[in-house]
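# Topology and contacts: notes
The lines below spell out each chain.
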Amino acid sequence: SSGINAEWPLRPGTLIGRYEAAEKLTRELLAEGETPKLYCILGDNTQDISYYEKAWELSGQTYSRAMRSLGFHYFNIREMDRALECFLHSLKHNHLQADLWFTAGCTAMALTPNPDLKQAIRCFRESVLINDEDSQTWSNLGACFDQIEESEKAFNCFREAIRYSYGNWKIWENYIFAAARVKNFSEVIRAYKEIINLGQKFSDRAILNSLVAAVRDNLTDCKGKPGNQYFDKVIDLFKFTSTKVTSSFDLWRCYGVMYLDVEGREDITKGIDYTIKAYHALALNIEKSFDIYMKCVHTAGVLHQYIMTETKTSDSYPRHLQSLKVILQIIITKGNKILPTFDEESEAKKACQEAIYDSKEKLGEVEEAQLYV
């Protein structure tokens, strides 16, 4: 999933309410002279949609209020095709209804089985032409463009949405995915910080991986800037985020990769330290699923690869060996605990047996290395 959210209009209540006095007064006024407006008010009071239809016919099919009210009736009972038809009739005769253009756009998005995104885009565009300061409309317009893979237009719409609803973390979340798609790395970093500052424990694997890949693989951003020039900014983001989101495996893993795999910027000690933190974040749920157990096994393998080739005179080397020893012991213990739960010939049982065997071999290497420290 793209992670893109859309906002929805509130369902309106009745105009006057179901009060007998109001209905009686309306009928008395109608007896004096029929008008489309009075029939609409009677429809509001009684919830009888035939009065909206009467108002529409009485006006020679020009009274926009009648079709708007009828449209909301169908909207509320989720008959979206009929609701949209009514809204568009209303808008044809009263174009300057920004809120109704917004509702019509939402209705077009909600059509089943297939949303009418072309119509939705038209409606949201008309709405912002009347009121260009509504963040929900900009956000929904961005969501539509995102769904038809017009990424640049989606990005620009979400940027407008943020201008008018700066403290809405959901819009920032839409914005960060859109920024990543157009390779605007500086805005991805900015958006990530804003989401964290708004109190969200945001940690998205795809976004984190995209930032690491941009730097490690020296990908060019949307303005032609080499990705490796973002190293310090990404490190700064990870440092900031890790003080707020302390138990994210993906964050700590990516933090470690930045120091282990980015050519010319290696700091093996830091890379190992952050990968150990990644393991511990993951190991909090090691017994919840076999997939998580195997991720722990893989992370231990990465640690083994780097720790066993670490400079032997490094101050951190003995500490890293001990950490790896404990991690491997846990993996062996947990593996032996879950092994009997698998069917005899299952692939999972074979994978678990291999993980235990491999971890025992690695543990032997670590214990031997500790003898010489």
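A few points on the structure. (Residues numbered from 1 in each chain as written. Predicted model: local features only at pLDDT ≥ 70, side-chain atom pairs only at ≥ 80, totals over all residues. Heavy atoms only, no water.)

## Brief notes about the state of the cysteines
Rules: What counts as a disulfide here is a pair of cysteine sulfur atoms lying within 2.5 Å. Per-residue accessibility, obtained with a 1.4 Å probe over protein chains only, is compared with the maximum for each type, and a residue is labelled buried under 20%, exposed over 50%, and partly exposed between these values.
A full pass over the atoms with the stated rule returns zero disulfides. Cys123 takes part in no disulfide bond, and the closest cysteine sulfur to it belongs to Cys144, at a distance of 9.4 Å. You can call Cys123 buried: its relative accessible area is 0%. Just so you know, Cys254 is unpaired, no disulfide at all, and the nearest cysteine sulfur is the one on Cys296, 16 Å from it. Look at Cys254 and you get buried, because its relative accessible area is 1%.

## With respect to the layout of surface pockets
We apply this condition: A 1.4 Å probe that fits into a set of points on a 1 Å grid over the protein atoms alone but cannot get out defines a cavity; an open set with protein on both sides within 12 Å along at least five of seven lines defines a pocket, and lining residues are those with an atom within 4 Å of a point. Grid points are joined across faces, edges and corners, and a volume is the space filled by probe spheres set on the points. Runs of E in the DSSP output that reach at least two residues are strands. Runs of H or I that reach at least four are helices, and both are numbered from the N terminus. Residues were grouped as follows: Ala, Val, Leu, Ile, Met, Phe, Trp, Tyr, Cys and Pro as nonpolar; Asp, Glu, Lys and Arg as charged; and all remaining residues, including Gly, as polar.
As a volume, the second largest pocket reaches approximately 220 Å³. Around the second largest pocket sit Phe249, Arg253, Val257, Leu260, Asp261, Thr275, Lys295, His298, Thr299, Val302 and Tyr306, which together line it. Among the secondary structure elements, those contributing two or more residues to the lining of the second largest pocket are α14 (249-260) and α16 (290-307). Considering each element in turn, the lining of the second largest pocket owes the most residues, five residues, to α16. Looking at the lining of the second largest pocket residue by residue, the class counts come to five nonpolar, three polar and three charged.

## A few points about a nonpolar patch on the surface
Spelled out, the test is: A patch consists of residues whose relative accessible area exceeds 30% and which take part in no salt bridge; residues with like charges are grouped when within 9 Å of each other, and nonpolar side chains (Val, Leu, Ile, Met, Phe, Trp, Tyr) when within 5 Å. For every accessible area listed, the method is Shrake-Rupley and the probe measures 1.4 Å; residues are considered covered only by the protein chains on display. Throughout this description, the term salt bridge denotes a Lys or Arg side-chain nitrogen within 4 Å of a carboxyl oxygen of Asp or Glu.
A cluster of nonpolar side chains, contributed by Leu96, Leu129 and Ile130, occupies part of the molecular surface with about 330 Å² of accessible area. With respect to the secondary-structure elements, Leu129 resides in helix α7 (residues 117-130).

## Some words on the packing of aromatic side chains
Rule in force here: Within 6.5 Å between ring centres, the rings of Phe, Tyr and Trp (the latter by its six-membered ring) count as paired, and their orientation is classed by plane angle as stacked under 30 degrees, edge-to-face over 60, tilted in between.
By the definition in use, this model includes 19 aromatic pairs. For the ring pair Phe231 and Tyr259, a centre distance of 6.1 Å and an interplane angle of 85° mean the geometry is edge-to-face. Of this pair, Phe231 sits in helix α13 (residues 231-242) while Tyr259 sits in helix α14, and the two are 28 residues apart along the sequence. In this structure Phe231 comes out as buried when scored by relative accessible area, which is 5%. Summarising the aromatic geometry, the rings of Phe238 and Tyr255 are spaced 5.9 Å apart at their centres and angled 65° between planes, so their arrangement reads as edge-to-face.

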